[in-house]
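Descriptive analysis of the structure
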Amino acid sequence: MNLLDFLVAPVLAQAAPAQQGMGGFGLLMPIALIAIMYFLMIRPQMKRAKEHRSMLDKLSKGDEVITSGGIAGTVTDIGDNFVTLEVADNVRVRVQKAAVGNVLPKGTLKST
């Protein structure tokens, strides 16, 4: 026997202690994180998207709107994908329907 045999045997005996299981907590944690992300991030975003779609469906001629780019105007024509806005006298701009950010109360543009 040499000296190395005396040193290697105790090291191998201490190599890996038995791991204790975390029980159900190990599986519960990822599920809880997914549930928290759903209620804090995904669900509110889906609600906002649904409200935006319903606002676009209710859009009609004569509505005063503001686009996501900041252009304010009155709706003069509505297509499937595009909306024509009158931003000044005889100045019309076509924008995508999804670019309409908000519908303003009637008379908002006339007062400014």
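Our structure's up above, just so we're on the same page.
The structure contained in this document is the topic of the report that follows. (Residues numbered from 1 in each chain as written. Predicted model: local features only at pLDDT ≥ 70, side-chain atom pairs only at ≥ 80, totals over all residues. Heavy atoms only, no water.)

1. Overview of the pairing of strand E4 (residues 91-96)
Looking down a regular strand, the side chains alternate between one sheet face and the other. Examined bridge by bridge, strand E3 (residues 82-88) and E4 share 6 bridges and lie antiparallel to one another. Bridge pairing in E4 places Phe-82 opposite Gln-96. The hairpin formed by E3 and E4 contains 2 residues between the paired strands, and Asn-90 there has a positive phi angle of roughly 60°. (Pairing = 2+ DSSP bridges. Helix = DSSP H or I, 4+ residues; strand = E, 2+ residues; numbered from the N terminus.)

2. Overview of the environment of Gly-62
Relative to the helices and strands, Gly-62 is located in the loop between helix H2 (25-57) and strand E1 (64-67). Counting along the chain gives 15 residues from Gly-62 to Asp-77, while the straight-line C-alpha distance between them is 8.8 Å. Ignoring anything within four residues of it in the chain, the contact list for Gly-62 reads Thr-74, Val-75 and Lys-106. (Contact = heavy atoms within 4.5 Å.)

3. Observations concerning the packing of aromatic side chains
Tallied over the full model, the rule gives 1 aromatic pair. On the numbers, 5.2 Å between centres and 80° between planes, the contact of Tyr-38 with Phe-39 is edge-to-face. (Phe/Tyr/Trp six-rings, centres within 6.5 Å; stacked < 30°, edge-to-face > 60°.)

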